[in-house]
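Each chain, letter by letter, is given below.
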Amino acid sequence: MPNYATIAGQLTAESVDILSAFADARTELITQGAGDTYFLEINYTSSRIKRTFDDVEVISLSDAEQLRLYPQLGGLFNLAMRNLLYP
């Protein structure tokens, strides 16, 4: 039988982890001096990770929208770093 209290706790932790992932990626891209990069629906410009269509910073979006965009973060980060390492 599912323990719903445990599941709720795990989902809350997941939300915090996703927000941290966007913040950590941003910090590392700034530290490495990465340039403007666009990947699918998100981009890294002006030291911010934003949703491309409306230029809103991802960390200010709803948890649901951050969760939706989260799978794209790895691609954005990898592309930005590859552009930096292999100009």
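This one's a predicted model, so the numbers in the text were calculated from it and none came from an experiment.

Caption draft 1: The arrangement of helix α2 (residues 63–85) in detail. If you check α2, its first and last C-alpha atoms are 32 Å apart, about what 23 residues at 1.5 Å a residue would give, namely 33 Å. Along α2, the largest kink reaches about 45 degrees and is centred on Tyr70; proline Pro71 follows within four residues of it. By the burial criterion, the buried members of α2 are Glu65, Gln66, Leu69, Gln72, Leu73, Leu76, Ala80 and Met81. Elements in contact with the buried residues of α2: α1 (4–32), β1 (37–39), β2 (42–45) and β3 (48–51).

Caption draft 2: A look at the pattern of salt bridges. Applying the stated criterion across every chain yields a total of six salt bridges. Between Asp55 and Lys50 there is a salt bridge, and its shortest N-O distance comes to 3.8 Å. Look at Asp55 and you get partly exposed, because its relative accessible area is 46%. In this structure Lys50 comes out as buried when scored by relative accessible area, which is 13%. Ionic contacts of the salt-bridge type, sharing partners, join the residues Glu41, Arg51, Asp54, Glu65 and Arg68 into one network.

Calculation criteria
- All chains use their own residue numbering, which begins from 1 and follows the written sequence.
- Selection of residues for local features in this predicted model requires a pLDDT of at least 70, selection of side-chain atom pairs for listing and counting requires 80 or more, and totals for whole chains, interfaces and linings are taken over all residues.
- Values reported for side chains reflect all heavy atoms of the structure, with hydrogen atoms and water molecules removed beforehand.
- Here a helix means four or more residues in a row that DSSP labels H or I, a strand means two or more in a row labelled E, and each is numbered from the N terminus.
- Residue count minus one, scaled by 1.5 Å, sets the expected span of a helix.
- To get the bend at a given residue, fit one axis to the seven residues ending there, fit another to the seven starting there, and take the angle between those axes.
- The buried label applies to any residue whose accessible area, calculated with a 1.4 Å probe on protein chains only, is under 20% of its type's maximum; exposed applies above 50%, and partly exposed to all values in between.
- Residue contacts are counted whenever heavy atoms from the two residues lie within 4.5 Å of one another.
- Counted as salt bridges are all cases of a side-chain nitrogen of Lys or Arg within 4 Å of a carboxyl oxygen of Asp or Glu.

What is shown is where atoms sit, not what they do.
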